[in-house]
Amino acid sequence: MTIKREKRQETLVYIVLWGLLFLAPVLSLYIRTTSDTGMTFDWSEVFMVWRRFGMFFAVFLVHNYLLAPLFVSRQKKLVYFSIVTVLVAAFAVFQCQRPHKDRRPPMEQMDDRRPPMEEMRPPMEEMDDRRPPEFGHDRQPMRPPMGKPHFRDGHELVQVIVLILMLGMNLGVKIYFRQREDMQRLTELEHKNLEQQLEYLKYQLNPHFLMNTLNNIHALVDIDGERAKEAVIQLSKILRYVLYESNHQRVPMAKEAEFMDNYTQLMRMRYTDKLRFSVSFPDDVTGITVPPLLFISFVENAFKHGVSYQQESFIDIECRCTTGRHSENRLLWTCRNSKHRKANAIGMPAQGGVGMANVRQRLDLIYGDDYTLDVSETDNTYEVTLDIPLDA
C-alpha cells in the first residue's frame, strides 16, 4: 500500500506541474484583457501556445513511461542516454526546419512597404535580357539547394535547452520517488525481520524454560506448597508478559524489570546456595521504555553456561542510567557471571554463539550504529556490557 501511495504522489506531482503550465497562458491573457479594455479574450492565442506545449508534453509522456524506466528500474544507463541523445537531436532538427510564421511582419505593414505593381514589374524586354541562360525555353529552372539544419536565432536553442531541463526534471523526480520506495521496502523488511527475531526469541525461551520450571514446581508441591503456589503465580506473569505484553515495539522499563525478577527467581529454584546472585536496577524508571525481551538472552546464557551445581558460581546484573559523550541519556546494562571449564568440556556450546548473533542483529535493526555491545571474558569470568540510548 505504501509503494502504491508513492506512485500516486508522483503522478499527482506531474498533474499539478503540467496543469499549472497549461493554465498559465489562460491566466496571462485574462489579466491582459482585464487591464486593457480595448483588448478581447482570444482563444486562438491560447491554442497556439497550447500547441507548443503539447509537443513538449508528448515528449514528456514518451520519456516518463518508456525511457526513464530504462534508467531508474532496469539500470540500462547506456541505452537510456543513447535514446535520449537521439531524441534531443531529432527535436533540434525539427525546430530548425520548422517555418517561423510568427516572425512575418503584419499584413498592413507589408502593404505599406510594398511598391506599386507598375514599379515592381519591369518591361518584358528587360526581363528577357536579365533572364539567365539556364532559364531557357527548353530547360526547367534550377531549385536552390537545401541548407543544413542550423539555429537561425536563439529561439530554437532555448526550446532545446527547455526540453533537456524537462527531461532532467522528470528523471530527477522519478529517482527521488524510487529512492523513497526503496526506503519504504527496506523499512518494511526490517520491521518484518524484527518481528521474526522477537518471535524466534519467544520460541527459544519458552520450551526448555517452561519444562524445567514445571518440573521444579512439581517437586515443590510435596516439599513446600506455598512456595509452589508462588512459583505458579510467577510463571503465569512470565507467560502473560511473553505472549501478550511483549508484542509492542517498546515496553516500560518497570515491566521488563518485573519480568527479569520473576524469571531469575524461578531459575534460582534449580540451584543450591552455591549460586550467588545479585541484581541492581535504577530506583526510578518511570517513563523509560526499552525493546521487549532485550536482556533475557544474556541472563539465560548466564544461567546456562555460568552456573555449576558442584562449584561456587555467581551472576551479577546491573542496570544504570548514564550520560553519553554528547550529553544524551543512555542506559548501561551489565551482566557478569562465573565461567566453568567443566561446562564446556561436556559438549555444551560456548557462551554466545547463535544466540549472541541474533541479539546483535536485532540491536542493529533497532538502534543502527547508536549502541555498543562489548563481550569480555577471562579464564573464570564472562561479562556482557550493553550501552543503548535511553528513551524517556
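Residues numbered from 1 in each chain as written. Predicted model: local features only at pLDDT ≥ 70, side-chain atom pairs only at ≥ 80, totals over all residues. Heavy atoms only, no water.

Asker: Explain the overall build of the chain to me, please; I cannot follow it from the model alone.
Answerer: Regarding its fold elements, the chain presents 12 helices and 7 strands. Classification of the 392 residues of the chain by burial places 32% in the buried group. Within the chain, contacts between residues at least 6 apart in sequence are counted, and of these 73% link residues at least 24 apart. Total accessible area on the chain stands at roughly 25500 Å², and carbon and sulfur atoms take up 58% of it. (Helix = DSSP H or I, 4+ residues; strand = E, 2+ residues; numbered from the N terminus. Buried < 20%, exposed > 50% of the residue type's maximum accessible area, 1.4 Å probe, protein only. Contact = heavy atoms within 4.5 Å. Areas by Shrake-Rupley, 256 points an atom, 1.4 Å probe, with all protein chains shown as cover.)

Asker: Would you mind showing me how to read helix α3 (residues 77-97) here?
Answerer: Note: α-helices contain 3.6 residues per turn, so residues at a spacing of three or four share the same orientation. A rise of 1.5 Å per residue sets the reference length of α3, with its 21 residues, at 30 Å; its end C-alpha atoms lie 30 Å apart and thus fit the reference within 8%. Regarding α3, the residues found buried are Y80, V84, V88, F91, A92, Q95 and C96. The arc that holds the buried residues of α3, viewed along the axis, is 135 degrees, so those residues lie on one side. Counted as exposed and oriented over 90 degrees from the buried face of α3: L78, V86 and Q97. (Expected span 1.5 Å × (residues − 1). Arc of directions from axis to C-beta.)

Asker: Looking at this structure, I do not really get the pairing of strand β6 (residues 372-377). What am I missing?
Answerer: Successive side chains on a regular strand alternate, one facing one side of the sheet and the next facing the other. Here β6 runs beside strand β7 (residues 381-389); their pairing, made up of 6 bridges, is antiparallel. Bridged to E377 within β7 is Y382. The turn joining β6 and β7, which pair antiparallel and follow one another in sequence, is formed by 3 residues. (Pairing = 2+ DSSP bridges.)

Asker: Quick question: what am I supposed to make of the confidence of the model for the chain here?
Answerer: The predicted coordinates ought not to be read in detail in places where the model reports low pLDDT. Residues with a pLDDT of 70 or more make up 74% of the chain, whose mean pLDDT is 77. Across the chain, the element-wise mean pLDDT spans from 46 in helix α4 (residues 107-113) up to 92 in β7. Here residues 134-138 is modelled with pLDDT under 50, and outside its nearest four sequence neighbours on either side it reaches 5 contacts, counting other chains as well. For residues 343-354, every residue scores under 50 in pLDDT, and the model assigns this stretch 15 contacts once sequence neighbours within four places are set aside. (pLDDT = per-residue confidence, 0-100.)

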